Amino acid sequence: MSSATEPLRALLLESIHSDAVASLEKNGYAVELLDRALDEDELIARVAGVHILGIRSKTTITDAVLAAATDLLAVGAFCIGTNQIDLSAAAQRGVAVFNAPFSNTRSVVELVVAELIALTRRLMEKNSSMHAGVWDKSAEGAHEVRGRRLGIVGYGNIGSQLSVLAESLGMSVFFYDTADKLALGNARRCASMEELLAVSDVVTLHVDGRPGNSGLFGEAEFARMRPGSLFLNLSRGFVVDHGALRKHIESGHLAGAAIDVFPQEPKGRGDEFVSELRGLPNVIITPHIGGSTEEAQQDIGQFVAGKLQDFVATGNTALSVNVPAVSLPAPAAGHRLTHLHRNTPGVLATINGILADHDVNIEGQLLGTRGEIGYVITDIGTQYTTDVLEQLRALPNTVRLRLLS
């Protein structure tokens, strides 16, 4: 840890919004901002002395990176997904991870609706013809979205909000989710993916980044889609077989597609993008911009930066994705101890026994557990000795102990 006279350091990658930078700097952090992702070796070389690390979707945080980041307190994923972070390794090293699970939901949904209408009206092809000097005023292949059947795979925050907007456009909505989700409006739940594909004119994916979703949609699924239907993916790149998608676009089985996420994506703006989907008619490909609106990025920047600073200052872990959610109001006086530990019976009693043996009064305390990890916040009076801290750190189950004034 840095000395009391040195500011805490924050390293923010991938052009995180300036509001996050301003918030951290206002609260005394020394901030380094980069406009691109870093690979593992680059990260290992730069994380020494960093207390807060902010990333988006293209930076991978491995156990090797975490091992090199000996001063790291927290990681902020300035996006929805956290599959690019080894969450278990972070917890085992006492590093809390926070994300923005709701901030860009509306932005993604609006892009889906825009692309859905553009594909249904074949606007991309008309636009290309006009730029080439060809006047092709024809209704052939162009349809209204009203009355068409939308199949949503993944009915979480984005899928459910899309469901409501699609109904307002006059679409019939079907959805499939492995979890038991409440249908909104007149949406109808499908018992299987096969059932959804059989009835949908448009299929859109909104699943999360868990490893089990890798290769979720491939040759078999495209073959089951209705002839002339449309396909959209604004979730994760690795869930779709793009070779199979190209085959079904070229054969005419599918009328079009919109893809915003890819298995391999360039690290930074201006880098070459390589994909078998380039050059296909009525296929919209966008550079992972589902949540890339000024409004969403500003909200994400403020939200995640706030969570990171609150954790560092108070130890509160509300909405953390890898450690127990524990929050206590800031004490009026005294000190706060936060103790992240391996979740085994008797740890809390041992902590309180050490405090009692040293006549340290407990003024407030809260414990939470999450799988193999336990986390306790303890507010104490001002009287304590360094021996108390040494004994707590020496406990065999201690992962990280912090003293907050």
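See the structure printed just above.
S.K.: What exactly am I supposed to notice about the sheet that holds strand β14 (residues 362-370) here?
M.R.: Paired through backbone hydrogen bonds, the strands of a sheet run either parallel or antiparallel to each other. Sheet architecture is open: 4 strands sit in the order β14-β15-β13-β16, paired in antiparallel fashion. The strands lining the two open edges of the sheet, one partner per strand, are β14 and β16 (398-404). Between one strand axis and the next, the sheet turns through 10° on average, direction left out of account. Taken together, the 8 bridges between strand β13 (residues 335-342) and strand β15 (residues 373-380) define a ladder with antiparallel strand orientation. Opposite H341, over in β15, you have G374 as the bridge partner. Across the sheet, helix α11 (residues 294-314) touches β13, β15 and β16, and the angle it forms with β16 is around 85°.

S.K.: Which parts of the structure should I look at to understand empty space enclosed by the protein?
M.R.: To find leftover empty space, a probe the size of one water molecule is rolled over the atoms. Going through the model one piece at a time under the given rule, you end up with 1 cavity of 30 Å³ or more. Counted as a void, the largest cavity has a volume near 80 Å³. Lining the largest cavity are G94, V95, A96, F311, T317, V323, T338, L340, Y375, R400 and R402. Taken together, the residues of the lining of the largest cavity sort by class into 6 nonpolar, 3 polar and 2 charged.

S.K.: I'm lost on the side chain of D177 in this one. Help?
M.R.: Note on placement: D177 falls in the loop between β7 (172-176) and β8 (188-189). On the basis of relative accessibility, which here comes to 11%, the residue D177 falls in the buried class. Polar side-chain contacts of D177 include one of 2.7 Å to the backbone nitrogen of Y155. Among the polar contacts made by the side chain of D177, one reaches the main-chain amide nitrogen of A179 at a distance of 2.8 Å. If near-sequence neighbours (up to four positions away) are discounted, D177 is found in contact with G154, Y155, G156 and R189.

S.K.: Hey, could you run me through unusual backbone geometry in this one?
M.R.: Residues other than glycine predominantly adopt negative phi, and peptide bonds predominantly adopt the trans conformation. Notably, N282 is not glycine yet its phi reads approximately 50°, a positive angle. Tracing the chain through its elements places N282 in the loop between β11 (254-259) and β12 (283-285). The exposure class assigned to N282 is buried, which follows from its relative accessible area of 2%. In the Ramachandran plot, H288 falls in the positive-phi region, its phi being about 55° despite a non-glycine side chain.

S.K.: How do you make sense of the sheet that holds β12 when you look at a structure like this?
M.R.: Spatial strand order, β8-β7-β6-β9-β10-β11-β12: 7 strands in an open sheet with parallel pairing. For this open sheet the edge positions go to β8 and β12, each flanked by a neighbour on one side alone. Bridge count for strand β6 (residues 149-153) against strand β9 (residues 202-205) is 4 bridges, and the pairing is parallel. Its bridge partner being in β9, V153 is matched across the sheet by L205. Sheet strands touched by helix α10 (residues 242-250): β10 (229-233), β11 and β12. Its angle to β11, the strand with the most contacts, is close to 145°.

S.K.: Where do I start with the pairing of β14 in this structure?
M.R.: Where a strand is regular, its side chains alternate between the two sheet faces. Pairing between β14 and β15: 8 bridges, direction antiparallel. Across the sheet, the residue bridging to G368 is Y375, located in β15. Where β14 hands over to β15, the hairpin turn is made up of 2 residues, of which G371 adopts a positive phi near 60°.

S.K.: How do you make sense of the side chain of H335 when you look at a structure like this?
M.R.: The topology assignment puts H335 in strand β13. The class of H335 is buried, set by a relative accessible area of 16%. Residue contacts for H335: discarding those within four places in its chain leaves T378, D379, I380, G381, T382, Y384, L403, L404 and S405.

The rules we used
- Residues numbered from 1 in each chain as written.
- Predicted model: local features only at pLDDT ≥ 70, side-chain atom pairs only at ≥ 80, totals over all residues.
- Heavy atoms only, no water.
- Pairing = 2+ DSSP bridges.
- Helix = DSSP H or I, 4+ residues; strand = E, 2+ residues; numbered from the N terminus.
- Axes fitted to C-alpha atoms, helices over the stretch in contact; angles between N-to-C directions.
- Contact = heavy atoms within 4.5 Å.
- 1 Å grid on protein atoms, 1.4 Å probe; cavity = no way out; pocket = protein on both sides within 12 Å on 5 of 7 lines; lining within 4 Å.
- Points joined across faces, edges and corners; volume = space filled by probe spheres on them.
- Nonpolar A, V, L, I, M, F, W, Y, C, P; charged D, E, K, R; others polar.
- Buried < 20%, exposed > 50% of the residue type's maximum accessible area, 1.4 Å probe, protein only.
- Polar contact = N/O pair within 3.5 Å; in protein donor to acceptor, adjacent residues only side chain to side chain.

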